[in-house]
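# Structural overview for review
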Amino acid sequence: MAAASGWLVNPIHFSENLGSGFGPERGGALKRRGVFVGFDSLVRHGERRSQGLRWVARGYGRTSGMVVAASPPTDDAVVITEPLTKEDLVGYLASGCKPKEMWRIGTEHEKFGFEVGTLCPMKYEQIADLLNAIAERFDWDKIVEGDYVIGLNQGKQNISLEPGGQFELSGAPLETLHQTCAEVNSHLYQVKAVAEEMGIGFLGIGFQPKWGLKDIPIMPKGRYEIMRNYMPKVGSLGLDMMFRTCTVQVNLDFSSESDMIRKFRAGLSLQPIATSIFANSPFTEGKPNGYLSMRSHIWTDTDNNRTGMLPFVFDDSFGFEQYVEYALDVPMYFVYRNKKYIDCTGMSFRDFMQGKLPCIPGELPTLNDWENHLTTIFPEVRLKRYLEMRGADGGPWRRLCALPAFWVGLLYDEVSLQNVLDMTADWTMEERQMLRRKVPITGLKTPFRDGLLRHVAEEVLQLSKDGLERRGYKEAGFLKEVTDVVQTGVTPAEKLLELYHGKWGCNVDPVFEELLY
């Protein structure tokens, strides 16, 4: 995930599809000498409050090769002896602030596993065999839920499963893009070493190009049943989001509230440019779907209460407190108590704060509940104790290195960040929303003001390169993979469509080889 001085093995995972919370998540306890020591920075925040929150932490340690506690042990990791206040929720976000020398890069990516011989999706039993073999051969710890292995943990890296079996790596917090790309390469080597023996391949694309929803097995994770029932009530494409999308995202740090605000605004303004550069999902059930990024389009009709471009981030009053107010009004999904998921869909965290949650009357939330709730919000940029850039389609391995490079060059260099803010300062809410709506269809050829979005992207890519050069780690080479995309205005999706209509003879099956990891 993203950077932190202390991270938790906190097996409640939401990635792009369901929020990014599992993994070396900064929202939990700090692991020391095999024991979880809870919320160290938040304890300090709590001690500053006059009433003084008191924390009791308990949990599970890690020794090599062991099974990590059943997912997720978040109902009892922190016992809070006084009700949470809004100040606690604000303080939770603010505790992510850290000096520049402690900023890190956290990259996550998802991919579709398939049977090479049939191009059919992996069944859960095959996924379990794969996870068990990776754990045994490469010394990962297993994460289990009931009798099912649902993920792996090794140090600050985690492998987890999305609802349709999408295989995700949530990477460790790393200092340079060289380390990030090496991590991706190591992961893909390990997965391929085992998968190839099983006749399994992995596909790097943003939306499943061949399978229908009915073809995709459902992973045995308790919360997915709650979400599967809720999604059709709040949007027409939520099940597609859960079962048929894959992303690559980067998680980045901030030094202060004002630094968070600047990066949040820059990230939201430029997210459509990232979406267009990395657009890689033009097929649905074997045919062109009319989009360059079907994955991005799907988020526009998944659940508008928890997605979108967050116009209030550009208000003069915006800060941690305003994000808390927004998050408090996002309907809940569930609460985890006594090793069970309790369906709280559509209910209010504000009511929960007052002990008035209909599904568990009288119960009060912990900061773990708040942390988990934050991971069920899905805007184009998401705030937790770091910022998540969420606009890009999954893709082949070189683009998995290019996406974090793009954002690190823009947001971790002060000159480039200021140039982005100057460039986008007069963009209106209507223009940002127009780009969000049109980019999934027309990509870099989207008209913008007196030109095309490609012309803006050229300037932005140069700012990113300049920012990487000033970092001094010789990282600008990671942008080579997307330089041609921006110069020509031809997205990866358009190249796939050209192959489909030409060399592939209007057959989508060759994409499984074209984008095979």
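## A short note on the environment of Leu328
Within the secondary structure, Leu328 sits in helix α9 (residues 320-328). The class of Leu328 is buried, set by a relative accessible area of 4%. Considering only alpha carbons, one finds Leu328 and Arg350, 22 residues apart in sequence, at a separation of 5.8 Å. When neighbours within four sequence positions are excluded, Leu328 is seen to be in contact with Leu89, Ser348, Phe349, Arg350, Met353 and Trp370.

## Concerning the packing of aromatic side chains
Two numbers describe a pair of aromatic rings. These are the distance of the centres and the angle of the planes. A complete count under the given rule lists 23 aromatic pairs for this structure. A centroid spacing of 5.9 Å and a plane angle of 50 degrees characterise the contact between Phe254 and Phe320, whose relative ring orientation is tilted. Residue Phe254 is located in the loop between β14 (247-252) and α7 (257-277), and its partner Phe320 is located in helix α9; the two are separated by 66 residues in the primary sequence. Just as Phe254 is buried, Phe320 falls in that class too. A ring pair is formed by Phe312 and Phe318, whose centres lie 5.8 Å apart and whose planes are at 55 degrees; its orientation type is tilted.

## Quick word on the state of the cysteines
What makes a disulfide is a covalent bond joining the sulfur atoms belonging to two cysteines. This model, assessed by the stated rule, comprises two disulfides. What pairs with Cys181 in a disulfide is Cys401, and their sulfur atoms sit 1.9 Å apart. Sign of the S-S torsion, about 80 degrees for the bond between Cys181 and Cys401, identifies this disulfide as right-handed. Within this pair, whereas Cys181 is found in helix α4 (residues 177-195), its partner Cys401 is found in helix α12 (residues 397-411), the two being separated by 220 residues in sequence. Just as Cys181 is buried, Cys401 falls in that class too. Listing the disulfide partners of the protein chain by sequence rank of the bonded cysteines yields 1-4, 2-3.

## With respect to the pairing of strand β18 (residues 334-337)
Residue alternation in β18 divides its side chains into two sets, Phe334 and Tyr336 and Val335 and Arg337, and both sets are buried. Of the pairings in the sheet, the one linking β18 to strand β19 (residues 340-343) comprises four bridges and is antiparallel in character. The residue of β19 that forms the bridge with Phe334 is Asp343. Linkage of β18 to β19, two consecutive antiparallel strands, is achieved through a turn of two residues, within which Asn338 is found at a positive phi near 50 degrees.

## Observations concerning empty space enclosed by the protein
Under the criterion given, the structure shown has six cavities of 30 Å³ or more. When its volume is computed, the largest cavity comes out at roughly 100 Å³. Per-class residue counts for the lining of the largest cavity are eight nonpolar, three polar and one charged.

## A word on the environment of Ser293
Topologically, Ser293 is positioned in the loop between β16 (287-288) and α8 (294-298). Residue class for Ser293 comes out buried when judged on its relative accessible area of 0%. Along the backbone, Ser293 and Pro282 are 11 residues apart, and their C-alpha atoms lie at a distance of 6.1 Å. With residues near it in sequence (within four places) discarded, Ser293 still touches Thr275, Ala279, Ser281, Asp393 and Pro440. A polar contact is formed between the side chain of Ser293 and the backbone nitrogen of Ser296, at a distance of 3.1 Å.

## Here's the deal with the nonpolar core
The biggest cluster of nonpolar side chains holds 148 residues, and the ones touching the most others in it are Phe167, Phe264, Tyr323, Trp370, Phe406 and Trp407. With 10 residues, α12 is the largest single contributor of residues to this core. Excluding residues that lie within four positions of it along the chain, Phe264 makes contacts with Leu310, Val313, Phe318, Tyr323, Val381, Leu383 and Leu387.

## A short note on the packing of helix α3 (residues 124-138) against α4
Contact geometry for α3 and α4: axes closest at 10 Å, N-to-C directions at 115 degrees. Regarding α3 and α4, the two cross each other, and that crossing is right-handed. On α4, the residues touching Leu130, Ala133, Ile134, Arg137 and Phe138 of α3 are Tyr189, Gln190, Val191, Ala193, Val194 and Ala195.

## Some remarks on helix α13 (residues 414-424)
All of the buried residues along α13 are Ser416, Leu417, Val420, Leu421, Met423 and Thr424. Seen along its axis, α13 keeps its buried residues to an arc of 160 degrees; they face one direction. Looking at the buried side of α13, the elements it contacts are α7, α12 and α15 (453-471). Where α13 begins, the capping side chain belongs to Asp413, and its oxygen is found 3.3 Å from the backbone nitrogen of Val415.

Quick notes on the rules
- Residues numbered from 1 in each chain as written.
- Predicted model: local features only at pLDDT ≥ 70, side-chain atom pairs only at ≥ 80, totals over all residues.
- Heavy atoms only, no water.
- Helix = DSSP H or I, 4+ residues; strand = E, 2+ residues; numbered from the N terminus.
- Buried < 20%, exposed > 50% of the residue type's maximum accessible area, 1.4 Å probe, protein only.
- Contact = heavy atoms within 4.5 Å.
- Phe/Tyr/Trp six-rings, centres within 6.5 Å; stacked < 30°, edge-to-face > 60°.
- Disulfide = S-S within 2.5 Å.
- Pairing = 2+ DSSP bridges.
- 1 Å grid on protein atoms, 1.4 Å probe; cavity = no way out; pocket = protein on both sides within 12 Å on 5 of 7 lines; lining within 4 Å.
- Points joined across faces, edges and corners; volume = space filled by probe spheres on them.
- Nonpolar A, V, L, I, M, F, W, Y, C, P; charged D, E, K, R; others polar.
- Polar contact = N/O pair within 3.5 Å; in protein donor to acceptor, adjacent residues only side chain to side chain.
- Core = buried A, V, L, I, M, F, W, Y, C linked by side-chain atoms within 4.5 Å.
- Axes fitted to C-alpha atoms, helices over the stretch in contact; angles between N-to-C directions.
- Left-handed = near helix turned anticlockwise from the far one by under 90°.
- Arc of directions from axis to C-beta.

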